[in-house]
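Close look at the chain arrangement
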Amino acid sequence: MDLHRRKYRVALRILVGMVLYIAAVSAARADEFKLFVVKEILAPPAMGARCARPELIAQKNTLIKNLSDTSYATEFVKAMSDNFKIEDKITSADRSKTFIVALQINRISKYVIDKSNGNSDVYLPITETLFFSDVTTGKILYSYSVTNYALKTVANSQVNSAALNKELISTSFTDALKRLITKASANFNPTHHSYKITDKQLGFYLIASGLKDGLKLGDGLEDGDNSLSIVYAGDDYAVASKVAG
């Protein structure tokens, strides 16, 4: 029998009778939850020298560099503000019902298809993901992704122009963001669930709910000022321990 299991059996002896609230999922209304938005775009890292041909590396890194323009982060924050109620700060009193929201660019590329008439079709796909994370653990609890393709036909001589890159990135970013916010607005609907702690000892909490009630290994929980994490989940019960920090 391993150490954890011995401790769990000892924990059965003492009745605590507390009520535990899962931080990320609850029977409260969705509008009771708070959102704190990260005011920058999480862009993919620049490509290294071994990743592809030099010209492709330069093109990719140029596209990534464009995303560092603060106007994209400003656009993201405004889109969130227009569709969700967001908070300027995170308070200890509200941490159990606050999500950290971040926007990541998973992919940005550029493809050129030359035509026989001297023009080229230029495609710029971009994939964006919106993350809703637990404040205490940093665990991603909800995520939504979309991919958008911007297209413009230009003269062959214009396919590498900085102005074209900027235009296509802006178009693709904005169109993807609109779709992403619409998707998140329609699907993000968290609720609070209450779970009863029946025993506590040696830093472990025995919870009278398990896999059948939606609890699983790694779930983040709140018990007053304590942040807990599920370290074991059976069908009808679970065990949690305090999160350090």
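Refer to the structure printed above.
Residues numbered from 1 in each chain as written. Predicted model: local features only at pLDDT ≥ 70, side-chain atom pairs only at ≥ 80, totals over all residues. Heavy atoms only, no water.

1. Some thoughts on the overall build of the chain
Looking only at helices and strands, one finds 4 helices and 12 strands in the chain. Residue burial in the chain is summarised as follows: out of 245 residues, 39% are buried. For the chain, the computed accessible surface area is about 13,200 Å², with 52% contributed by carbon and sulfur atoms. (Helix = DSSP H or I, 4+ residues; strand = E, 2+ residues; numbered from the N terminus. Buried < 20%, exposed > 50% of the residue type's maximum accessible area, 1.4 Å probe, protein only. Areas by Shrake-Rupley, 256 points an atom, 1.4 Å probe, with all protein chains shown as cover.)

2. Topic: the packing of aromatic side chains
Summed over the entire model, instances satisfying the criterion amount to 11 aromatic pairs. Between the aromatic rings of phenylalanine 99 and phenylalanine 188, the centroid separation amounts to 5.2 Å while the plane-to-plane angle is 80 degrees, which identifies the pairing as edge-to-face. Residue phenylalanine 99 is located in strand E4 (residues 98-108), and its partner phenylalanine 188 is located in the loop between helix H4 (162-187) and strand E8 (192-201); the two are separated by 89 residues in the primary sequence. This pair shows no difference in class: phenylalanine 99 is buried, exactly as phenylalanine 188 is. According to the relative accessible area criterion, phenylalanine 188 is buried, its value standing at 10%. An aromatic cluster of at least three residues, connected via ring pairs, comprises Phe33, Phe84, Phe99, Phe132, Tyr142, Tyr144 and Phe188. The cationic tip of lysine 39 hangs over the ring face of phenylalanine 36; the distance from NZ or CZ to the ring centre is 5.3 Å. (Phe/Tyr/Trp six-rings, centres within 6.5 Å; stacked < 30°, edge-to-face > 60°. Lys NZ or Arg CZ within 6 Å of the ring centre and 35° of its normal.)

3. Considerations on H4
For H4, built from 26 residues, the straight-helix expectation of 38 Å at 1.5 Å per residue is met to within 8% by its first-to-last C-alpha distance of 37 Å. Among the residues of H4, those classed as buried are Leu164, Asn165, Leu168, Ile169, Ser172, Phe173, Thr174, Ala176, Leu177, Leu180, Ile181 and Ala184. (Expected span 1.5 Å × (residues − 1).)

4. Remarks on the pattern of salt bridges
Under the definition given, this model contains 5 salt bridges. A salt bridge links lysine 34 to glutamate 87, with the nearest nitrogen and oxygen atoms 3.9 Å apart. One end of the pair, lysine 34, is in strand E2 (residues 34-42); the other, glutamate 87, is in strand E3 (residues 86-87), with 53 residues separating them in the sequence. Between lysine 115 and aspartate 121 there is a salt bridge whose closest N-O contact spans 3.2 Å. (Salt bridge = Lys/Arg side-chain N within 4 Å of Asp/Glu carboxyl O.)

5. Let's talk about the environment of valine 231
Position of valine 231 among the secondary structure elements: in strand E11 (residues 226-233). Here valine 231 falls in the partly exposed class, since its relative accessible area comes to 28%. For the pair valine 231 and phenylalanine 204, spaced 27 residues apart in sequence, the C-alpha to C-alpha distance is 9.2 Å.

6. Focus: the pairing of E4
Of the strand pairs in this sheet, E2 and E4 are connected by 6 bridges, and their pairing is parallel. Among the inter-strand pairings, isoleucine 41 is bridged to a residue of E4, identified as leucine 103. With 9 bridges joining them, E4 and strand E6 (residues 119-134) adopt antiparallel strand pairing. Bridging from a neighbouring strand, valine 101 pairs with phenylalanine 132 of E6. (Pairing = 2+ DSSP bridges.)

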